Amino acid sequence: MRANAMQVLYFAWLRERIGKSAEELELPPGITTPAGLIAWLRTRGPGYEAAFIEEARIRCAIDQEFQPLDAKLDGAKEIAFFPPMTGG
């Protein structure tokens with residue numbers, strides 16, 4: 001993996017709308033939070049726009065730990081985006 005590259009994982013309806021379950025991305029300068037990453041991802045095409053249209057419903061895990069969308073991405077190697085989970 002490249003130095004400032006990050007593995008981005010998509011689950012459930014995000015994966016369906018984007019059309020892939022994972023990708024390695026080189027993050028543009030200035031992206032420091034999951035919310036910033038979401039804003040940039042939306043610019044990558046209609047599938048991404050559709051996946052992230054309801055940002056308030058999106059959850060994330062940074063390096064496999066649940067985090068808020070305003071958490072810092074400093075040094076992270078992986079981020080996962082998924083819808084809220086329900087128990088049962």
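Scroll up a little and you will see the structure.
Rules behind the numbers
- Residues numbered from 1 in each chain as written.
- Predicted model: local features only at pLDDT ≥ 70, side-chain atom pairs only at ≥ 80, totals over all residues.
- Heavy atoms only, no water.
- Pairing = 2+ DSSP bridges.
- Helix = DSSP H or I, 4+ residues; strand = E, 2+ residues; numbered from the N terminus.
- Axes fitted to C-alpha atoms, helices over the stretch in contact; angles between N-to-C directions.
- Contact = heavy atoms within 4.5 Å.
- Salt bridge = Lys/Arg side-chain N within 4 Å of Asp/Glu carboxyl O.
- Buried < 20%, exposed > 50% of the residue type's maximum accessible area, 1.4 Å probe, protein only.
- Core = buried A, V, L, I, M, F, W, Y, C linked by side-chain atoms within 4.5 Å.

1. Observations regarding the sheet that holds strand E1 (residues 5-10)
Taken together, five strands build an open sheet; the order of strands is E2-E1-E5-E3-E4 and the sheet is mixed. For this open sheet the edge positions go to strand E2 (22-26) and strand E4 (65-67), each flanked by a neighbour on one side alone. Averaged over all pairs of adjacent strands, the angle between their axes in this sheet comes to 30°, without regard to strand direction. For E1 and strand E5 (residues 78-82), the ladder comprises four bridges, and the chain directions are parallel. Bridging from a neighbouring strand, Tyr 10 pairs with Phe 81 of E5. The sheet contacts of helix H2 (residues 34-42) involve E1, E2, strand E3 (59-62) and E5, and relative to E5 the element is tilted by about 70°.

2. Some words on the pattern of salt bridges
Per the stated rule, a full pass over the model turns up four salt bridges. Put simply, Glu 23 and Lys 20 hold a salt bridge, and the shortest N to O gap is 3.3 Å. For Lys 20, a relative accessible area of 32% corresponds to the partly exposed category. Glu 23 serves as the salt-bridge partner of Arg 44, at 3.2 Å between the closest nitrogen and oxygen. Here Arg 44, found in the loop between H2 and helix H3 (46-51), pairs with Glu 23, found in strand E2; they are 21 residues apart in sequence, far enough to count as distant. Taking the relative accessible area as the measure of exposure, Arg 44 reaches 35% and is therefore partly exposed. For Glu 23, a relative accessible area of 10% gives the class buried. One salt-bridge network, held together by shared partners, links Lys 20, Glu 23 and Arg 44.

3. Some points on the nonpolar core
If you look at the biggest cluster of nonpolar residues, it comprises 24 residues, and the most contacted ones within it are Tyr 10, Phe 52, Ile 79 and Phe 81. Taken together, the elements giving at least two residues each to this core come down to E1, helix H1 (13-18), H2, H3, E3 and E5. In contact with Ile 79, not counting residues within four places along its chain, are Met 6, Gln 7, Val 8, Leu 9, Pro 34, Leu 37, Cys 60, Ala 61, Ile 62 and Leu 73.

4. Describing the pairing of E3
Looking at chain direction, E3 and E5 are connected through four bridges and run antiparallel. Counterpart to Cys 60 in the pairing with E5 is Phe 81. As defined by bridge partners, E3 adjoins E4 across three bridges and the pair is classed as antiparallel. Residue pairing for E4: Cys 60 is matched across the bridge by Gln 67. Two successive antiparallel strands, E3 and E4, enclose a turn made up of two residues, where Asp 63 displays a positive phi of approximately 45°.

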